[in-house]
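# Commentary on secondary and tertiary structure
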Amino acid sequence: MKFFHTADWHLGKLVQGVSMTEDQDYVLEQLLRDIERERPDAVIIAGDLYDRAIPPTDAVELLDRVLGRIVLDLETPVLAISGNHDSPDRLGFATRIMEGRGLHLAGQLQAQPRTVELRDAHGPVHIHLVPYADPAMVRFTYGDDRIRTHDDAMAAIVARIAASMDASARHVLVGHAFVTPGGEPQANTSESERPLAIGGAEYVRDAHFRAFHYTALGHLHQAHYVGSETIRYAGSPLKYSISEERHHKGYTLVELDGDGAVRLDKRAFAPRRELRSVQTTAAELEAGADGSEDYVFVTLLDEDPVLFPMEKVRARYPNALHVQRRSPSASPAEEGGEQGLSRAERDPGELFASFYREVKGAPLDAAKAELFASVYAEALRAEGGDGR
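In this report, the structure presented in the accompanying data block is examined. (Residues numbered from 1 in each chain as written. Predicted model: local features only at pLDDT ≥ 70, side-chain atom pairs only at ≥ 80, totals over all residues. Heavy atoms only, no water.)

### Focus on the overall build of the protein chain
What counts, and what does not: Only runs of H or I of at least four residues qualify as helices and only runs of E of at least two qualify as strands under DSSP, and these elements are numbered from the N terminus. When accessible area is computed with a 1.4 Å probe and restricted to protein chains, residues below 20% of their type maximum are described as buried, those above 50% as exposed, and intermediate ones as partly exposed. Contacts are assigned to residue pairs with any non-hydrogen atoms lying within 4.5 Å of each other. Computed with the Shrake-Rupley method and a 1.4 Å probe, the accessible areas treat only the protein chains shown as cover for residues.
Within the protein chain one finds 11 helices and 19 strands. Classification of the 388 residues of the protein chain by burial places 51% in the buried group. Taking contacts inside the protein chain between residues at least 6 apart in sequence as the whole, the part at least 24 apart equals 68%. Just so you have it, the protein chain exposes about 18500 Å², and 50% of that area is on carbon and sulfur atoms.

### As for the pairing of strand E8 (residues 123-130)
Here is the rule: The pairing criterion for strands is at least two bridges between them, as found by DSSP.
Along E8, eight of the eight residues are buried, which leaves the element largely enclosed by surrounding structure. The pairing of strand E7 (residues 114-120) with E8 spans seven bridges and is classified as antiparallel. Paired with Glu117 across the bridge in E8 is His126. Linking E7 back to E8 in an antiparallel pair, the connection comprises two residues. Of the pairings in the sheet, the one linking E8 to strand E9 (residues 170-176) comprises six bridges and is parallel in character. By the bridge assignment, Leu129 is partnered in E9 with Val174.

### A closer look at the packing of aromatic side chains
How two aromatic rings sit relative to each other is given by the distance of their centres and the angle of their planes. For clarity, the threshold we go by: Aromatic contacts are taken between Phe, Tyr and Trp rings whose centres are within 6.5 Å, Trp giving its six-membered ring; a plane angle under 30 degrees counts as stacked, one over 60 as edge-to-face, and the others as tilted. Only when the NZ atom of a Lys or the CZ atom of an Arg is both within 6 Å of the ring centre and within 35 degrees of the ring normal do we say a charge sits over the ring.
In the structure shown here, the tally under the stated rule is five aromatic pairs. Taking 4.6 Å as the distance between ring centres and 35° as the angle between the ring planes, the aromatic pair formed by Phe4 and Tyr251 counts as tilted. Linking Phe4 in strand E1 (residues 2-6) with Tyr251 in strand E15 (residues 250-256), this pair joins segments that are 247 residues apart in sequence. According to the relative accessible area criterion, Tyr251 is buried, its value standing at 0%. For the ring pair Phe178 and Tyr203, a centre distance of 4.8 Å and an interplane angle of 75° mean the geometry is edge-to-face. Of this pair, Phe178 sits in strand E10 (residues 178-180) while Tyr203 sits in strand E11 (residues 203-205), and the two are 25 residues apart along the sequence. Judged by relative accessible area, Phe178 falls into the buried class, the value being 1%. For Tyr203, a relative accessible area of 13% corresponds to the buried category. Through a chain of ring-to-ring contacts, three or more aromatic side chains come together here, namely Phe4, Tyr251 and Phe269. Taking NZ or CZ as reference, Arg160 lies 4.0 Å from the ring centre of Tyr142, over its face.

### Structural notes on the sheet that holds strand E19 (residues 322-325)
Two strands in a sheet stick together by hydrogen bonds in their backbones, pointing the same way (parallel) or opposite ways (antiparallel). Counted only if it meets this: Fitting a line to C-alpha atoms yields each axis, with helices limited to the stretch in contact; the angle taken between N-to-C directions then spans 0 to 180 degrees.
Strands sit in the order E17-E18-E19 across an open sheet of three strands; the sheet is parallel. With partners counted over all chains shown, the strands left at the sheet margins are strand E17 (275-280) and E19, one partner each. The sheet shows a mean angle of 20° between the axes of neighbouring strands, taken without regard to direction. Two elements, strand E18 (residues 295-300) and E19, share four bridges in a ladder whose sense is parallel. Bridging across to E19, Phe297 finds its partner in His322. Its contacts with the sheet place helix H8 (residues 309-316) against E18 and E19, and it is angled at close to 125° to E19.

### Section: the pattern of salt bridges
What counts is decided by this rule: The salt bridge criterion pairs a side-chain nitrogen of Lys or Arg with a carboxyl oxygen of Asp or Glu, the two atoms within 4 Å.
Applying the stated criterion to the full structure yields 20 salt bridges. Between Glu274 and Lys239 there is a salt bridge, with the nearest N and O atoms lying 2.8 Å from each other. On the criterion of sequence distance, the pair formed by Glu274 in the loop between strand E16 (262-268) and E17 and Lys239 in the loop between strand E14 (228-233) and E15 is long-range, its members being 35 residues apart. Take Glu274: its relative accessible area is 30%, and that puts it in the partly exposed class.

### Section: the sheet that holds E15
Reading across the sheet, the six strands line up as E6-E5-E4-E1-E15-E16 and stay open at both edges, with mixed pairing between neighbours. Sheet topology places strand E6 (103-106) and E16 at the edges, where each strand pairs with a single neighbour. Ignoring strand direction, the axes of neighbouring strands in this sheet form an average angle of 20°. Where strand E5 (residues 78-81) lies against E6, four bridges are found, and the strand directions are parallel. Bridging across to E6, Ala80 finds its partner in Leu105. Relative to E1, helix H1 (residues 21-38) is tilted by about 170°, and along the sheet it contacts E1, strand E4 (42-46), E15 and E16. Where helix H2 (residues 57-73) meets the sheet, it contacts E4, E5 and E6, and its direction lies at approximately 145° from that of E5.

### Focus on H2
At 3.6 residues per turn, the α-helix brings residues three or four places apart onto the same side. For clarity, the cut-off: How far a helix is expected to stretch is found by multiplying one less than its residue total by 1.5 Å.
In this model H2 runs 23 Å from its N-terminal to its C-terminal C-alpha over 17 residues, within 8% of the 24 Å that 1.5 Å per residue would give. For H2, the elements touching its buried residues are H1, E4, E5, helix H4 (95-99) and E6. Within two residues after H2, Glu75 carries a phi angle of roughly 50°, on the positive side.

### Examining the nonpolar core
Basically, it comes down to this: Nine residue types can take part in a nonpolar core, namely buried Ala, Val, Leu, Ile, Met, Phe, Trp, Tyr and Cys, and a core is a set of them joined through side-chain atoms within 4.5 Å.
Core analysis: the largest hydrophobic core is formed by 36 residues, its most contacted members being Trp9, Leu11, Leu31, Ile45 and Val78. The set of elements that each furnish at least two residues to this core consists of H1, E4, H2, E5, E6, E15 and E18. Sequence-distant contacts of Leu31, that is, excluding residues within four places in its chain, are made with Phe4, Trp9, Tyr251 and Phe269. Core analysis: the second largest hydrophobic core is formed by 27 residues, Val138, Tyr142, Leu217 and Val226 among them.

### Focus: helix H5 (residues 135-142)
Selection rule: Here, the arc refers to the directions that run from the helix axis to the C-beta atoms.
Buried within H5 are the following residues: Pro135, Val138, Arg139 and Tyr142. The buried residues of H5 occupy an angular sector of 105° when the element is viewed end-on, so they sit on one face. Directly beyond the C-terminal end of H5, a positive phi value near 60° is found at Gly143.

Structure follows, in C-alpha cells:
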C-alpha cells in the first residue's frame, strides 16, 4: 500500500496581508503531477485544509479543483479530516455523495470514529479518521466528565478504535493534534499556528499511537516524527511565517508492506517564491541591483531612523512583507522580548498573567488563572465557528 501524507494546506492563508492562494496553487500542481506519476493508492490530508472556518471564494475553488482532479481525473482516493482551523460542518457537507468515487472527508467527530477500508495485494488497510475536536466536544460526545485535556480526549478516542480493530488488517490513524514525546510541553514549530489550549492542556502523548502501523498527523507545520518514525507530521506545503524560514516543505510518501512495515520518502515542494529574512542597511538597499522576487522580512541595521523604509525596501524587494529596525548591537532578547520570544510565541496564559501583574500590582492567583484558561478555550471554539 502506497499513499501520500500531507497536511496543513491552510488554503486562503494571508501572510502579512498578502494572499497565498497563487503560491498554494503552484505547489499543489506539483502534488498533482506526483500523484499522476506515482499513482499512490490514496492521498491523506491530516487537517487544516482551510485557514479559517469561512474561507474566501478563491480558496474554496482551489480545493474543489484539486480534489476533483485527484478523485475524478486521477481516480485516487482522498482521505481527509478537519483541523482546528476548519469548520467541521462546512468541510463535511455533502461528502457522502462523493464517497462512492473515493472522497472521504471527516468533519465532525463521531462516537465511533470513521474507518475507511482500502485493499491491496496483501489484504485490507484500515484508515481511521480522527478529526480535530476539543476536549469539551469529546466529553459531550462520549458522555465522560473525566475528559478535560486533549490527551484525555485522544486516549478516549483511541480506546474506541482499539476495541474494534481487526488484528488481521494493517492500521493507519489520521489525526490533528499537538503530539509530543510523553505529552511533555514543547514549543510550537510555527508562529502561524494558533494554540489549541493553554496551561499544558493541548499536549498529547505519542504512546497513544503505538498500536497503529502508521500515524499521519497534522497541526504542527514542521515535518518531523514523534518518538517513532511511524508517528509523523507531514508539515505544511508552504512557509506561512518567518518562524518557518528553515523548514523544508513537502509531503511524505509512505509505503506499507504486507506485514505493516513502513518505508518513508520525504518529497520536497519548490515554492513559487521563497520566504526568508534579510538583514541590510538603507545604503545597501539603494546601492544594490534589482532584487529578489522572494517574500522577505527585512531588518534594517541602521542606527539612525530611516525615512519611508518600506518604500526603500520594495524598490529592491518588490514582494517584501515586513520591515523592522534593529541596531547591530541589539540582542535576540531585546528583539523578541522576554526570553527572546515574540508575543505570538508566548503562552497566552503567561501573557495574561504578565498583564494582570502590571495592571493590578499583584500576581495572578490559581483561581483566576483557571478562569482565564476556561474563557480562552471558549474563545478558541468561538473563533473556529465564526471564521475570524
